[in-house]
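# Working through the structure, step by step
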Amino acid sequence: MTNEVQLFDVVIIGGGPGGYAAALYGASAGLNVALIERDKVGGTCLHRGCVPAKEFLETAHVRRTIEHASTFGIGTGAVSVDFSVSQARKNEVVDKLHKGLSGLLKGRKVTIYEGTARLDADQVVRILDGADAGVEAKGTNVILAAGSVPRTLPGFDVDGQIVLTSDEFLDLDTLPASAAVIGGGAIGCEFASMLSDMGTAVTVLEGLPTILAGCDSEVVSVVGRSFKKRGIEVRAGVNVTGHTPAKGKTAVHVEGGDDVVVEVVVLAVGRRPRSEGLLGDGTGVEVNERGFVVANSSMRTANPNVYAIGDIVANTPQLAHVGFAEAIVAIKTILGEPVVPVDYDRVPWAIYSNPEVAFVGLTEAAAKERGYEVVVKKDPFGGNSRAQIIGETEGVVKIIAEKRADGTAGQILGVHMAGPWVTEQLGAGYYAVNWEATAEEAAALIQPHPSLSETFGETLLALAGRGLHVG
Ligand code: FAD
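Starting from 1, residues in each chain are numbered consecutively following that chain's sequence as written. Restriction of local features to residues with pLDDT of at least 70 applies here, the model being predicted, together with a cutoff of 80 or more for giving and counting side-chain atom pairs; totals for whole chains, interfaces and linings are based on all residues. The side-chain numbers reported here are obtained from all heavy atoms of the structure, hydrogens and water having been left aside.

### Remarks on the sheet that holds strand β18 (residues 349-351)
For clarity, the cut-off: Should DSSP find at least two bridges between two strands, the strands are regarded as paired. Counting from the N terminus, the helices are the DSSP runs of H or I reaching at least four residues and the strands are the DSSP runs of E reaching at least two. Each axis is a line fitted through C-alpha atoms, taken for helices only over the stretch in contact, and angles between the N-to-C directions span 0 to 180 degrees.
Within the open sheet, the five strands sit side by side as β18-β19-β22-β21-β20. Their pairing is antiparallel. Lying at the two open borders of the sheet, with one neighbouring strand each, are β18 and β20 (374-380). Averaged over all pairs of adjacent strands, the angle between strand axes in this sheet comes to 15°, irrespective of strand direction. For strand β21 (residues 396-403) and strand β22 (residues 409-419), the ladder comprises seven bridges, and the chain directions are antiparallel. By the bridge assignment, Ile399 is partnered in β22 with Val415.

Structure representation (structure tokens):
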């Protein structure tokens, strides 16, 4: 490999959703782009995150469907589980998507380098190891998209046998009979829900006063009730201090409380930025005390020719689609085009637990904290005909609007849903919040019948002052 410095319009470090989106979007605008990846393009999302986790949640969904088949008059016999088949299917899905993505990048003539990269001064990126070790690529602009890795907890050494992070969990071929999930956020609740639906006895241990902190309280209640009904034990507001393995199990110690004795401990306590070793001397990039890269609303770091996107950026939600959106902002800024920054208060959130959760905008509590007077309407899924047809009636749609001087509902501030397929229904709520629609404007639009999305439509009608089924 030549030691000549390779020149590009944009050099991107990291090929996860942030990095590959920037590469595809930049290349389609005619930029000469290099993408450096130490592992596989697709990143956490495709190989160790969103896609594998959802495949397993779909396995759980299939099992639930079969278990309820007799209510439709369908006989199935006893349900058996061979989780290694689901694992193999997950790998097939991931491989197909990985091949598709690699082909897309190639088709757009993105130069891919394999290895671990470090940004040095003057936008020179050096590849330190891997197949392309020794290559130096200089970008007129550089985008940092190195992503994140699972956080761990003191007292819980990850061994891949008893203590697992999401990385090891998503590679399991068999499921444990019992598990403690430490952390009741989105990932923790998805894992707890999946495990429980697959027959594992699950305890969720959460340090904050509630699971799904940051979600609207109504939505948290729906998930909490469902977890309780299914036998998932949730212990919130607890501090775990360590664990003591014995005879194929381990006792997780909870400060001031009983131990939880389980086969496996799954850590779901957040993700830290992968910024160690990423920056050499003289880059001018600011990194905060927690290791996140500081970027402004154009995704520019303290060095105006270096951008950061995705999970590595400070104070932004760690979501794949946020990385996509930030990639577009960074590339448009590089191109000198007008750009609308990502409005982090109004990005869509989707949690694929059973029941699912989806939301956008302010919760009722957050709206009040910000000084809004609000009008709130909610409608449970119980009265929805499609929900009755599919036999999944647990859940609610809740919409929060700003209260006008005359007491009626004005601009929609937040849409919060828990229930069947709400992750696929959030789109309309997302548009309503981001288009800054009023209750009447959004209520004037029709939802198809019979559909789960009618519950959203019904809630809007009620919010606008006159509901059909909701008062
Ligand atoms: P990453 O996806 O982490 O990619 C970074 C890439 O950079 C990696 O491929 C890494 O190998 C590479 N890299 C790092 N350092 C270097 C270097 N120095 N040189 C070269 N390459 C480097 N988000 C959602 O929106 N929806 C979900 O349903 C969802 N579910 C999730 C479930 C789980 C279990 C997990 C763990 C995460 C989930 N996420 C979900 C979060 C989502 O995966 C991340 O937000 C997303 O992957 C972040 O994208 P990124 O490009 O910033 O970083």
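### A few points about unusual backbone geometry
Across the junction of Asn354 and Pro355, the peptide omega takes the value -5°, indicating a cis bond. Tracing the backbone through its elements, the reader meets Pro355 in the loop between β18 and β19 (356-361). The peptide bond linking His449 to Pro450 adopts the cis configuration, its omega dihedral lying at -10°.

### Things to note about the pattern of salt bridges
Going by this rule: One speaks of a salt bridge when a side-chain nitrogen belonging to Lys or Arg is within 4 Å of a carboxyl oxygen belonging to Asp or Glu. Residue exposure (1.4 Å probe, protein chains only): buried if accessible area is under 20% of the type maximum, exposed if over 50%, otherwise partly exposed.
One pass over the structure, following the stated rule, counts 22 salt bridges. The shortest N-O distance in the salt bridge between Glu218 and Lys398 comes to 3.0 Å. On the criterion of sequence distance, the pair formed by Glu218 in helix α7 (residues 217-229) and Lys398 in strand β21 is long-range, its members being 180 residues apart. The buried category is assigned to Lys398, whose relative accessible area is 1%. For Arg404, the salt bridge goes to Glu440, with nearest N and O atoms at 3.0 Å. You can see Arg404 sitting in the loop between β21 and β22 and its partner Glu440 sitting in helix α12 (residues 439-443), a full 36 residues away along the chain. Three or more residues joined by partner-sharing salt bridges are found here, namely Asp216, Glu218, Glu364, Lys368, Lys378 and Lys398.

### Concerning the packing of helix α1 (residues 17-28) against helix α4 (residues 83-107)
Cut-off, in case you're wondering: A crossing counts as left-handed when the near helix is turned anticlockwise from the far one by less than a right angle, and as right-handed when that turn is clockwise. Any two residues whose heavy atoms approach within 4.5 Å are treated as being in contact. The classification used treats Ala, Val, Leu, Ile, Met, Phe, Trp, Tyr, Cys and Pro as nonpolar, Asp, Glu, Lys and Arg as charged, and all other residues, Gly among them, as polar.
Axis separation between α1 and α4 bottoms out at 9 Å; the angle between their running directions is 35°. Crossing hand, α1 versus α4: left-handed. On the side of α1, the interface is formed by Tyr20, Ala23 and Leu24, while α4 contributes Leu101, Leu104 and Leu105. Grouping the amino acids of the contact of α1 with α4 by side-chain chemistry returns six nonpolar, no polar and no charged.

### Description of the side chain of Asp311
Under the convention used in this document: We score Asp and Glu as negative and Lys and Arg as positive, and we do not count His or the chain ends. In the analysis that follows, any N or O atom pair within 3.5 Å is treated as a polar contact, provided that within protein one partner can donate a hydrogen and the other can accept it, and provided that, for residues neighboring in sequence, both atoms belong to side chains.
As for its position among the elements, Asp311 is in the loop between β17 (306-308) and α8 (320-335). Here Asp311 sits buried without a salt bridge, and the closest side chain of opposite charge, Arg271, lies 4.1 Å off (N-O distance). At 2.8 Å, the side chain of Asp311 and the side chain of Ser148 are in polar contact. Residues in contact with Asp311, not counting those within four places in the same chain, are Gly147, Ser148, Arg271, Phe292, Gln318 and Leu319.

### Points about the domain arrangement of the protein
This is how the line gets drawn: Source of the domain bounds: an automatic or database domain assignment.
Looking at the assigned domains, one finds that the protein contains domain 1 (5-149 + 273-344), domain 2 (163-269) and domain 3 (355-464). The centre of domain 1, based on its C-alpha atoms, is set 31 Å off from the matching centre of domain 3.

### Regarding helix α6 (residues 186-197)
Note the threshold: What a helix should span is 1.5 Å times the count of its residues minus one.
With 12 residues, α6 should reach 16 Å at 1.5 Å per residue; the first-to-last C-alpha distance of 17 Å fits that figure. Taken across its 12 residues, α6 has 10 buried, putting it largely inside the fold. With its phi angle positive at about 105°, Gly199 sits one or two positions after the end of α6.

### A word on the side chain of Asn354
Looking at the element boundaries, Asn354 is found in the loop between β18 and β19. Look at Asn354 and you get buried, because its relative accessible area is 13%. In contact with Asn354, not counting residues within four places along its chain, are Arg64, Ser193, Asp197, Ser226, Phe227 and Arg230.

### Comments concerning the site of the ligand
To keep things clear, this is the line we draw: Nearness here has a simple test: a residue counts as near a molecule or strand if at least one of its heavy atoms is within 4 Å of that partner. All accessibility values rest on the Shrake-Rupley procedure with a 1.4 Å probe; residue burial counts only the protein chains present in the view.
Within the structure, the ligand sits among 38 residues, and Glu37, Thr44, Lys54, Asp311 and Ala320 are positioned closest to it. For the ligand, an oxygen atom lies 3.4 Å from a polar atom in the backbone of Gln318. Protein chains shield 95% of the accessible area of the ligand, which is 990 Å² for the free molecule. When contributions to the shell around the ligand are tallied by element, the ones reaching two or more residues are α1, β2 (33-37), α2 (43-48), α3 (50-67), α6 and α8. Looking at which element gives the most residues to the shell around the ligand, the answer is α2, with four residues. Considering only residue class, the shell around the ligand consists of 14 nonpolar, 15 polar and nine charged.

### Focus: the pairing of β19
The buried fraction of β19 amounts to six of the six residues, a majority that puts the element mostly inside the structure. Inspection of the sheet shows β18 paired to β19 by three bridges, in the antiparallel sense. When the sheet's bridge partners are listed, Ile351 is paired in β19 with Val357. The antiparallel pairing of β18 with β19 creates a hairpin that spans four residues between the two strands. Bridging between β19 and β22 involves six bridges; their strand directions are antiparallel. When the bridges of β22 are listed, Glu356 appears paired with Gly419.

### Re the environment of Gln161
Mapping Gln161 onto the fold places it in the loop between β7 (148-150) and β8 (163-164). Between the C-alpha atoms of Gln161 and Val110, which are 51 residues apart in sequence, the distance is 39 Å.

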